[in-house]
Amino acid sequence: MYRFFEQLSSRIAAPFMGERSRNSKVWQCRCGQSLFSPNTQCLACLAMLGYQPQHSRLSSLQPGPQPDTWRLDAEPEAGIFRRCGNLDSPAACNWLLPADDHEVLCSACRLNHTIPDLTILENHQRWRKVETAKRRLVAQLISLGLQVIPKTVDEAGGLAFDFIGVDLEGKPPTTGHANGLITLDIKEADDAHREQVRVQMHEPYRTLLGHFRHEVGHYYWDRLIAGSQWLEPFRTLFGDERASYADALERHYQQGPPLDWQTCCVSEYATMHPWEDWAETWAHYLHMMDAVDTALGFGMSAREMDLDYQPFPPSTLYDPEHPGGAAFLSFVNAWIELAGMLNELSRSMGQPDFYPFVLPPAVIAKLHFIHLVIQQEGGRADEVVQDL
């Protein structure tokens, strides 16, 4: 069920030989039409569609035994389901939940603590964009075997989202994470506003999904690193998180990053504090996993191209002796090749680079550390392919 990296590694080794049931981002309707994750209805045959998160599958649906219940065409034996109560809201959620679940909303929508003020007309489209990005995040977390627990179930250790605008005094909210609550300024869903902020902040990249992946990294630091056996290794690799965050924030915005930041960090912002280095690197790990998985789902591979990239050797890993090291390096090197190809495609359209970042060896070690933490959390540390 959660053997995501095992499947991904196999597909990197033989990208055109995967079985039809392989994990991917492309599915087929019963009529043969290709389906994509946000779809709620097939455009060809008009079949109803639903996403079943525990099986990472979007499927056309057949009516179930009771009104408003459904079976998956792709996997009828999977059970009986209902569609999320947010299907007909501006969120347009296409997720499913078990028919006997007492909840109205799916596992992704249950994470919402505050939704935007829908009396503001612009917030309808903004919320749809935000939910589309959030569902992709949550689907990926589930695929990786990470626990996604709403605060309504576990107030202290759960996850929740606030999508809010300006307060009564006209002050906009600050995007961030605090004790499992991720807050997002709903105006981030406006492309023009987000681009303006990106330029002001001198960022090479700013997206809704990127926000979520970064902020959820803070949440999983609290869950997976704090107080665990990983804490001291984290401090050795990323730095001591006990350093004053307020002082680090002031220093970063007054002095900027160190001149040599590109040798040790994935972004300028990652240099501010060990927590931000972790969150930025975590976000890039999720970017890379999702993009490689999607590319392989479409049969894309840069293996046959003559790209003059020197592959990273085992010595760059956090644990060079780890038995899954070869599989992880194959993944990283596949990503480097793919990013080079996609950057050129973006340039051919006059667009900014698809992936405007450089990964130095120090970042590869940090990515490997995050990989091992996630593998252990998902209980799949021994499932990676050893002989790519």
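The rules behind the values
Residue positions within a chain follow its written sequence, with the count starting from 1. With pLDDT at 70 or above as the cut-off, local features in this predicted model cover only qualifying residues; side-chain atom pairs require 80 or more to be listed or tallied, and sums for whole chains, interfaces and linings still use all residues. Where side-chain values are given, they derive from all heavy atoms of the structure, hydrogens and water being excluded. A carboxyl oxygen of Asp or Glu within 4 Å of a side-chain nitrogen of Lys or Arg is what we treat as a salt bridge. Runs of H or I in DSSP of at least four residues are treated as helices and runs of E of at least two as strands, each being numbered from the N terminus. Each residue gets one of three labels from its accessible area relative to the maximum for its type: buried under 20%, exposed over 50%, partly exposed in between, using a 1.4 Å probe on protein chains only. Strand pairing is assigned whenever DSSP detects at least two bridges linking the two strands. By definition, the arc is the one covered by directions from the helix axis to the C-beta atoms. Between two residues, a contact is recorded if the distance between any of their heavy atoms is within 4.5 Å. Patch building starts from residues that exceed 30% relative accessible area and form no salt bridge, then joins like charges within 9 Å and nonpolar side chains (Val, Leu, Ile, Met, Phe, Trp, Tyr) within 5 Å. Here the accessible surface of atoms and residues is derived via Shrake-Rupley with a 1.4 Å probe, and residues count as covered only by protein chains that are part of the display. How far a helix is expected to stretch is found by multiplying one less than its residue total by 1.5 Å. Stacked, tilted and edge-to-face pairs are distinguished by plane angle, under 30 degrees for stacked and over 60 for edge-to-face with tilted covering the rest, among Phe, Tyr and Trp rings (Trp via its six-membered ring) whose centres lie within 6.5 Å. Throughout, an axis means a line fitted to C-alpha atoms (over the contacting stretch in the case of helices), and angles, computed between N-to-C directions, take values from 0 to 180 degrees. Angular relationships are summarised with four words: roughly parallel below 35 degrees, roughly antiparallel beyond 145, roughly perpendicular across 65 to 115, and oblique for the angles in between. Under the scheme applied here, ten amino acids are nonpolar (Ala, Val, Leu, Ile, Met, Phe, Trp, Tyr, Cys and Pro), four are charged (Asp, Glu, Lys and Arg), and all others, including Gly, are polar.

Draft legend 1. Structural view of the pattern of salt bridges. Scanning the entire structure with this criterion turns up 19 salt bridges. A salt bridge links Asp290 to Arg213, with the shortest nitrogen-to-oxygen separation between them at 2.7 Å. With a gap of 77 residues between them, Asp290 in helix H7 (residues 274-297) and Arg213 in helix H4 (residues 208-224) connect regions that are remote in the sequence. Judged by relative accessible area, Arg213 falls into the buried class, the value being 3%. The shortest N-O distance in the salt bridge between Asp240 and Arg235 comes to 3.9 Å.

Draft legend 2. Just the pairing of strand S11 (residues 181-185), in detail. Counting buried positions along S11 yields four of five residues, so the element is predominantly enclosed. Sheet topology note: the strand S9 (residues 160-164)/S11 ladder contains five bridges and is parallel. If you follow Asp162 over to S11, its bridge partner there is Thr183. Relative to S11, strand S10 (residues 176-178) runs antiparallel, the two being bridged by three bridges. Residue Gly176 lies in a different strand from S11, and its bridge partner there is Thr183. In this structure, the hairpin formed by S10 and S11 is closed by a connection of two residues, where Asn179 is found at a positive phi of approximately 55°.

Draft legend 3. Region of the structure containing helix H3 (residues 191-200). For H3, the set of buried residues is His193, Arg194 and Val197. For H3, the arc enclosing every buried residue in end-on projection is 95°, short of the 170-degree limit, so these residues lie on one face. Looking at the buried positions of H3, the neighbouring elements they touch are S11 and H4. His202 lies just past H3 and shows a positive phi near 55°.

Draft legend 4. A look at a nonpolar patch on the surface. Taken together, Met201, Leu249 and Tyr253 make up a surface patch of nonpolar side chains, about 270 Å² in accessible area. Relative to the assigned elements, Met201 resides in the loop between H3 and H4. Judged by relative accessible area, which is 38%, Met201 ranks as partly exposed.

Draft legend 5. Representation of helix H8 (residues 325-348) within the structure. With 24 residues, H8 extends 35 Å from end C-alpha to end C-alpha; this agrees with the ideal 34 Å at 1.5 Å per step. Remark: Gly350 follows H8 within two positions and exhibits a positive phi of approximately 75°.

Draft legend 6. Main features of the pairing of strand S3 (residues 49-52). Of the two faces of S3, the one holding Leu49 and Tyr51 and the one holding Gly50 and Gln52 are both buried throughout. Here S3 runs beside strand S4 (residues 57-63); their pairing, made up of four bridges, is antiparallel. Bridging from a neighbouring strand, Leu49 pairs with Ser60 of S4. The turn joining S3 and S4, which pair antiparallel and follow one another in sequence, is formed by four residues; a positive phi near 50° is taken by Ser56.

Draft legend 7. Representation of the packing of aromatic side chains within the structure. Taken as a whole, this structure holds 24 aromatic pairs when the rule is applied. Ring centres of Phe36 and Phe298 lie 6.3 Å apart, and the angle between their planes is 10°; this geometry places the pair in the stacked category. Here Phe36, found in strand S2 (residues 34-36), pairs with Phe298, found in the loop between H7 and H8; they are 262 residues apart in sequence, far enough to count as distant. Residue Phe36 is classed as partly exposed on the basis of its relative accessible area, which comes to 35%. Consider the rings of Trp278 and Phe369, whose centres lie 6.4 Å apart with planes at 80°: the pair is edge-to-face. Of this pair, Trp278 sits in helix H7 while Phe369 sits in helix H9 (residues 361-377); the two residues are 91 residues apart in sequence, bridging distant segments of the chain. We note that Trp278, like Phe369, is buried.

Draft legend 8. The packing of H7 against H9, seen in detail. At their nearest, the axes of H7 and H9 sit 10 Å apart, and the two run at 75° to each other. What the angle tells us is that H7 and H9 run roughly perpendicular. Across from Asp277, Trp278, Thr281, Trp282, His284, Tyr285, Met288 and Met289 in H7, the residues of H9 making contact are Lys366, Leu367, Phe369, Ile370, His371 and Ile374. Looking at the contact of H7 with H9 residue by residue, the classes come out as nine nonpolar, three polar and two charged.

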